[in-house]
Amino acid sequence: MKTHYVLIAALALTACAMPPVPPAPEASVDEEPIDIGILWVEYSAEYQAITAQVYADALEDLPRLLADTSFSALPGQTDAADKPAAIILDVDETVVSNAEYQETLRYAPYTRFGHFDWMRNNRAVPIRGANALIEAAKAAGVEVFFLTNRACERFEGIDGDCPYEQVTIDDLREVGIETDADRLLMAWEQPGWSKEKRHRRDYIGQTHRVIGLYGDDYGDFVHCTRAKPLDPCTEPATRASRHAALDTYADYWGNGWYILPNPMHGSWTSVR
Ligand SMILES: [Mg+2]
């Protein structure tokens, strides 16, 4: 009898020590798991805190960079002291989050029309901190340009030569930012405006002293960052060439250049 009680007690102890068994995941044969980078952008407070931090630093620096007329955030721009000041922001992952769209790529591959179609049918999601910087810049008389690789192109069944321009203006309005076609520079909107953003930065630099660049991709700051070289680049970028540029432009990071995190996509994925 005594032995019997000991056995029951031992079994009870064993049962208590067993970790709880998690429920089996719901079976799904036709879905890839969501990329952890997408989950991080969409759900983590850490992501939100980083973008808030980046834009807070940018906001704090703005008066100094505006007052110092010898400063330009465009390397090589040296004749701009008398030009009106401007800042240049990328759009996707810089002022508008694409995380929800990125999730859909589990079901269908990326296409430029697919991205356009998602954005025109869904409310844009803001990036924390961007609006405060943009409002402060406007209040200080700084011109605000948006330079995006969303492309100016026709889509079958859609009116207009450049339907993504108005959709982008609408997206920005949905996150609380007013702009217009003159301040939104799309890829291929003019001859030579490829996805290499250098020409469009230089275009703005012809009329303005650029005091801030804000983006999530190295190409929002540095030219020749892609595996496929586009004018004025002649060589494919490599991981080594991109890292060398960190030293070349070391003075700009956190001093006119402000980069947002993006673990979901970017030109870095194209290089080896
Ligand atoms: Mg972007």
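Trainee: Please clarify how the overall build of the protein chain should be interpreted in this entry.
Mentor: Along the backbone of the protein chain there are nine helices and seven strands. Across the 272 residues that make up the protein chain, the buried fraction comes to 31%. A fraction of 78% describes how many contacts in the protein chain between residues 6 or more apart in sequence connect residues 24 or more apart.

Trainee: Hey, could you run me through the sheet that holds strand β5 (residues 184–187) in this one?
Mentor: Think of a sheet as strands paired side by side through backbone hydrogen bonds, with each pair either parallel or antiparallel. Strand order in the open sheet formed by five strands is β5-β4-β1-β6-β7, with parallel pairing between adjacent strands. Each edge of the open sheet carries a strand with a single partner, namely β5 and β7 (257–259). Going across the sheet, the axis of each strand differs from the next one's by a mean of 20°, ignoring polarity. In the sheet, strand β6 (residues 209–215) pairs with β7 via three bridges, with the strands oriented parallel. If you follow Leu213 over to β7, its bridge partner there is Trp257.

Trainee: What exactly am I supposed to notice about helix α7 (residues 163–174) here?
Mentor: Each full turn of the α-helix corresponds to 3.6 residues, which orients residues three or four apart in the same direction. Helix length check: α7, at 12 residues, gives a terminal C-alpha distance of 17 Å against a target of 16 Å (1.5 Å per residue), a fit within 8%. Turning to α7, its buried residues are Tyr164, Glu165, Thr168, Asp171 and Leu172. Mapping the buried residues of α7 onto a view down its axis gives an arc of 120°, with all of them on the same face. Where α7 is buried, its residues contact β2 (96–97), α5 (112–121), β4 (143–151) and β5. Phi turns positive, to about 95°, at Gly176, one or two residues after α7.

Trainee: How do you make sense of the nonpolar core when you look at a structure like this?
Mentor: The nonpolar side chains of a soluble globular protein tend to be buried with one another. Counting 41 residues, the largest nonpolar core has Ala58, Ala86, Ile87, Ile88, Val95, Val210 and Ile211 as its most contacted members. Sorting the residues of this core by element identifies α3 (45–67), β1 (85–89), α6 (130–139), β4, α7, β5 and β6 as the ones contributing at least two each. Apart from the residues within four sequence positions on either side, Ile87 is in contact with Ala137, Val142, Val144, Ile211, Gly212 and Tyr214. Val41, Tyr47, Ala99 and Met264 belong to the second largest nonpolar core, which has five residues in total.

Trainee: Help me understand α3 in this model?
Mentor: Compared with an ideal rise of 1.5 Å per residue, which puts 23 residues at 33 Å, α3 spans 34 Å between its outermost C-alpha atoms and is within 8% of the ideal. The sharpest bend along α3 measures roughly 40° and falls at Asp61, with the proline Pro63 sitting one to four residues further on. Those residues of α3 that sit buried are Tyr47, Thr51, Val54, Tyr55, Ala58, Leu62 and Leu65. Elements in contact with the buried residues of α3: α2 (36–43), α6, β6 and β7.

What counts, and where the lines are drawn
Every chain's residues receive numbers from 1 upward, in the order its sequence appears when written. For a predicted model such as this one, the threshold for reporting local features is a pLDDT of at least 70, and the threshold for listing and counting side-chain atom pairs is 80 or more; totals across whole chains, interfaces and linings nevertheless cover every residue. Strands are runs of DSSP state E lasting at least two residues, helices are runs of H or I lasting at least four, and both sets are numbered from the N terminus onward. In this scheme every C-beta is placed from the backbone, and a residue whose C-beta has 20 or more other C-beta atoms within 10 Å is buried, one with 12 or fewer is exposed, and one in between is partly exposed. Here, residue contact means that the backbone-derived C-beta atoms of the two residues sit within 7 Å. A pair of strands is labelled paired if DSSP reports no fewer than 2 bridges between them. Lines are fitted to the C-alpha atoms to define the axes, a helix being fitted only along its stretch in contact, and any angle between axes, read from their N-to-C directions, falls within 0 to 180 degrees. Residue count minus one, scaled by 1.5 Å, sets the expected span of a helix. Comment: arc refers to directions from the helix axis out to C-beta atoms. When buried Ala, Val, Leu, Ile, Met, Phe, Trp, Tyr and Cys residues are joined through C-beta atoms within 7 Å, the set is termed a nonpolar core. Across the chain, bend at a residue is computed as the angle between axes fitted to the seven residues ending at that point and the seven starting from it.

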